[in-house]
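Chain by chain, the residues:
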Amino acid sequence: MNRQFYIETFGCQMNEYDSEKISGLLNSQGYMETTLRDEADLIIFNTCLIRENAENRLYGNLGEVKRLKLANKEKIVAVCGCMPQNQKVREKMLKMYPFVDLIFGTNTYDQLPELLYDIEQKKKKKVISIVENSDNLKEEVPKSRKFSHKAFVNIMYGCNNFCSYCVVPYTRGRERSRDRQEIIEEVIALGLTGYKEITLLGQNVNSYGNDIDDRYQFPDLLRDLNKVEGIERIRFISSHPKDVNLEFIKAIKECNKVCSQIHLPVQSGSTKVLQEMNRKYSREQYLEFVRMAKAEISDISISTDIITGFPGETEDDFNDTLSLVEEVQFDSAFTFIYSIRPGTTAGKRTDQIDDKIKHERFDRLLKKLYPIFEANNLQYIGRTVAVLVDDVSKNKETYLTGRTESGKLVHFVGDNDLIGQIVNVRIEKARTWYIEGTIV
Ligand code: SAH
Ligand code: SF4
Ligand code: F3S
């Protein structure tokens, strides 16, 4: 039986990694992956609820898949991930797209073989598996990792912060740190099988251990993972400013394999807005964390997330964001237009910002950020940097792409057999989003 599956993933690295697990589980059930949706026996959408456009992308796709399902009733259509975790969204989906056969969430992907058995063997018409929280989600599932030189490693699940704009605490459940021994053993196994880089995943990795009653925290984990043989680079996303302290910065500095890069979402430069977002730090505290990080690690690269048009954001508040951006000189940033999310407290506010103003502020923010990114990248010109080669460039076939230790995207000409190796590249060109050079 040579069954084929097609999977499309929306959202963050958490979802990307869940998709690697879902694919691994399907491979173990005899399914082969295809990139052709029309030919697949099983079509899966791993969804994201973070902003309205992520949600709409699923609906657009389901609209297209309807035709395939009508033409062939044997095809299985599955929706998983963050969207169905929300009851109202799930109900809407069931009503508008009744042909969806299988729905599972972020805490039940490990049940996939049994869920498929119910559909394929027991001929059940609709199978739904959602739990809000899970303490026994199986991490030891087969994984079909996208790369053979770098790997994701979950260190925590869920989020307890309830930032007033955000759905993640509702889609991923409560914060849970994974057992440290399990994490260390997984990384040792990755090192033994040739992986050079790991990225530790969690909504707030530096809150690791806060939910466990002992003193072992994120800096301790970094120090232990730094000892693992074979692993050359350790990355982690995201960090929450509220849990930044000197101990954390020192661990990054002292561990030679831990990359000197922090993704530290600020969201806004206005203390008033930060308070209303429930971020638990002020503008001044954030700037202090950045000063501390730069004082300890001179070449640290700092990136961030910023939202424009949060409810009640005034022109002054927005100017505070612009001035913070100027002060920090971020290496890169993900920027978002505020989107009303179901069930969140900010979504219920009556002082929502006009769409036009949100967009206009967004454009002004980009105008401020881009020259800063470029100026940071220009400093690389003339330097020789170690690059872990990831892949062939999507745009230029003769080019390879990789990243510096600081996370900069590098383009250069080279042979495909360099993929997975660390090479030295002399930088000659700098653009807003990447730097370019020649292998030395
Ligand atoms: N846990 C991470 C962020 C995960 S979500 C952290 O707190 O750092 C990724 C980013 O999406 C957030 O940092 C935020 O900038 C953005 N985001 C979340 N909810 C949003 C919303 N309702 N509208 C616009 N952007 C949003
Ligand atoms: Fe969302 Fe805030 Fe949790 Fe990040 S910390 S996932 S922004 S609630
Ligand atoms: Fe990630 Fe989107 Fe879920 S950002 S955690 S996939 S809501």
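Rules and cut-offs
Residues numbered from 1 in each chain as written. Chains lettered and ligands numbered in written order. Predicted model: local features only at pLDDT ≥ 70, side-chain atom pairs only at ≥ 80, totals over all residues. Heavy atoms only, no water. Helix = DSSP H or I, 4+ residues; strand = E, 2+ residues; numbered from the N terminus. Rg over C-alpha atoms; globule rule 2.2 N^0.38 Å. Contact = heavy atoms within 4.5 Å. Areas by Shrake-Rupley, 256 points an atom, 1.4 Å probe, with all protein chains shown as cover. Lys, Arg positive; Asp, Glu negative; His and termini not counted. Charge placed at Lys NZ, Arg CZ, Asp CG, Glu CD. Pairing = 2+ DSSP bridges. Axes fitted to C-alpha atoms, helices over the stretch in contact; angles between N-to-C directions. Near = heavy atom within 4 Å. Nonpolar A, V, L, I, M, F, W, Y, C, P; charged D, E, K, R; others polar. Phe/Tyr/Trp six-rings, centres within 6.5 Å; stacked < 30°, edge-to-face > 60°. Buried < 20%, exposed > 50% of the residue type's maximum accessible area, 1.4 Å probe, protein only. Salt bridge = Lys/Arg side-chain N within 4 Å of Asp/Glu carboxyl O. Expected span 1.5 Å × (residues − 1). Polar contact = N/O pair within 3.5 Å; in protein donor to acceptor, adjacent residues only side chain to side chain. Arc of directions from axis to C-beta. Domains from an automatic or database assignment. Buried area = accessible area lost by both parts, 1.4 Å probe.

Side note on the overall build of the protein chain
For step 1, the next point in the chain: For the protein chain, the count of helices and strands is 12 helices and 19 strands.
For step 2, the next point in the chain: Rg of the C-alpha trace for the protein chain: 22 Å, near the compact-globule value of 22 Å for 440 residues, within the 12% margin.
For step 3, the next point in the chain: With respect to the principal axes defined by its C-alpha atoms, the protein chain has extents near 60 × 55 × 50 Å.
For step 4, the next point in the chain: At a minimum sequence separation of 6, the contacts of the protein chain that also span at least 24 residues come to 74%.
For step 5, the next point in the chain: A total accessible area of about 19,900 Å² is found for the protein chain, and carbon and sulfur atoms account for 49% of it.
For step 6, the next point in the chain: The average position of the 62 basic charges and that of the 66 acidic charges among the side chains of the protein chain differ by 4 Å.

Examining the sheet that holds strand β12 (residues 261-263)
For step 1, the next point in the chain: Taken together, three strands build an open sheet; the order of strands is β12-β13-β14 and the sheet is parallel. Strand pairing shows two members of the sheet lacking a second neighbour, β12 and β14 (332-337), which therefore form its edges. Averaged over all adjacent pairs, the angle separating strand axes in this sheet is 10 degrees, with direction ignored.
For step 2, the next point in the chain: One ladder, built from six bridges, connects strand β13 (residues 301-308) with β14; its direction is parallel. Note on β14: the bridge partner recorded for D305 is F334.

So, the site of ligand 2
For step 1, the next point in the chain: Around ligand 2, a shell composed of C159, N161, F162, C163, Y165, C166, V168, P169, Q203, N204, H240 and R279 is seen.
For step 2, the next point in the chain: The class makeup of the residues in the shell around ligand 2 is seven nonpolar, four polar and one charged.

Topic: the sheet that holds strand β6 (residues 127-129)
For step 1, the next point in the chain: Pairing in this open sheet of six strands is parallel, and the strands run β2-β1-β3-β4-β5-β6 from one edge to the other. Among the strands making up the open sheet, the edge pair consists of β2 (31-33) and β6. Strand-to-strand twist of the sheet, defined as the mean angle between neighbouring strand axes without regard to direction, takes the value 20 degrees.
For step 2, the next point in the chain: Alignment of strand β1 (residues 3-9) against strand β3 (residues 42-47), held across five bridges, turns out to be parallel. Note on β3: the bridge partner recorded for E8 is F45.

Digging into the packing of aromatic side chains
For step 1, the next point in the chain: For the structure on display, the rule yields 15 aromatic pairs.
For step 2, the next point in the chain: On the numbers, 6.0 Å between centres and 40 degrees between planes, the contact of Y281 with Y286 is tilted.
For step 3, the next point in the chain: Residue class for Y281 comes out buried when judged on its relative accessible area of 5%.
For step 4, the next point in the chain: Geometrically, the ring pair formed by F373 and W433 is tilted, given 5.3 Å between the ring centres and 55 degrees between the ring planes. In this pair, F373 sits in helix α12 (residues 355-378) while W433 sits in the loop between β18 (422-430) and β19 (435-439), placing the two residues 60 residues apart along the sequence.

Some remarks on the pattern of salt bridges
For step 1, the next point in the chain: According to the stated counting rule, one finds 37 salt bridges in the structure shown.
For step 2, the next point in the chain: Residue K368 pairs with E326 through a salt bridge whose shortest N-O separation is 2.7 Å. Remark: E326 occurs in helix α11 (residues 315-328) and K368 occurs in helix α12; sequence separation between them is 42 residues.
For step 3, the next point in the chain: Taking relative accessible area as the criterion, E326 reaches 39% and is therefore assigned partly exposed.
For step 4, the next point in the chain: With a closest N to O distance of 3.8 Å, K358 and D355 form a salt bridge. One end of the pair, K358, and the other, D355, are both in helix α12, three residues apart, so they sit about a helical turn from each other.
For step 5, the next point in the chain: Because the salt bridges share partners, they merge into one network encompassing D18, K21, E139, K143, R145, R172, R178, E182 and E186.

Looking at helix α1 (residues 13-28)
For step 1, the next point in the chain: The end-to-end C-alpha distance of α1 is 23 Å, a good match for the 22 Å that 16 residues give at a rise of 1.5 Å each.
For step 2, the next point in the chain: Among the 16 residues in α1, 12 count as buried, and that is most of the element.
For step 3, the next point in the chain: Here α1 has its buried residues at M14, N15, Y17, D18, S19, E20, K21, I22, S23, G24, L25 and L26.
For step 4, the next point in the chain: Remark: G30 follows α1 within two positions and exhibits a positive phi of approximately 90 degrees.

Some points on the side chain of E139
For step 1, the next point in the chain: Along the chain, E139 turns up in the loop between β6 and β7 (150-154).
For step 2, the next point in the chain: E139 sits in the buried class, given a relative accessible area of 2%.

Quick word on the side chain of R3
For step 1, the next point in the chain: Along the chain, the position of R3 falls in strand β1.
For step 2, the next point in the chain: Taking relative accessible area as the criterion, R3 reaches 18% and is therefore assigned buried.
For step 3, the next point in the chain: Here Y31 takes part through its side chain, which lies 3.4 Å from a polar atom of the side chain of R3.
For step 4, the next point in the chain: Excluding anything up to four places from it in sequence, R3 contacts G30, Y31, M32, D41, I76 and E120.

A closer look at α11
Along an α-helix, residues three or four positions apart point the same way, because every turn accommodates 3.6 residues.
For step 1, the next point in the chain: Spanning 14 residues, α11 covers 20 Å between terminal C-alpha atoms, matching the ideal 20 Å at 1.5 Å per step.
For step 2, the next point in the chain: Within the sequence span of α11, burial applies to D317, F318, T321, L322, L324, V325 and V328. End-on view of α11: buried residues confined to an arc of 160 degrees, all on one side of the axis.
For step 3, the next point in the chain: Tucked into the core, α11 has its buried residues touching α9 (271-277), α10 (283-296), β13 and α12.
For step 4, the next point in the chain: In the stretch just after α11, Q329 is the one whose phi turns positive, near 55 degrees.

Quick look at the domain arrangement of the protein chain
For step 1, the next point in the chain: According to the domain assignment, the protein chain consists of domain 1 (4-129), domain 2 (150-378) and domain 3 (384-439).
For step 2, the next point in the chain: For domain 1 and domain 2, the distance between their C-alpha centroids amounts to 29 Å.
For step 3, the next point in the chain: Residue-level contacts link 19 residues of domain 1 with 20 residues of domain 2.
For step 4, the next point in the chain: Buried surface at the junction of domain 1 and domain 2, summed over both partners, amounts to about 1,700 Å²; 55% is from carbon and sulfur atoms.
For step 5, the next point in the chain: Among the secondary structure elements, those contributing two or more residues to the side of domain 1 that touches domain 2 are α1 and α2 (52-71).
For step 6, the next point in the chain: Ranked by the residues each element gives to the side of domain 1 that touches domain 2, the list is headed by α1, at eight residues.

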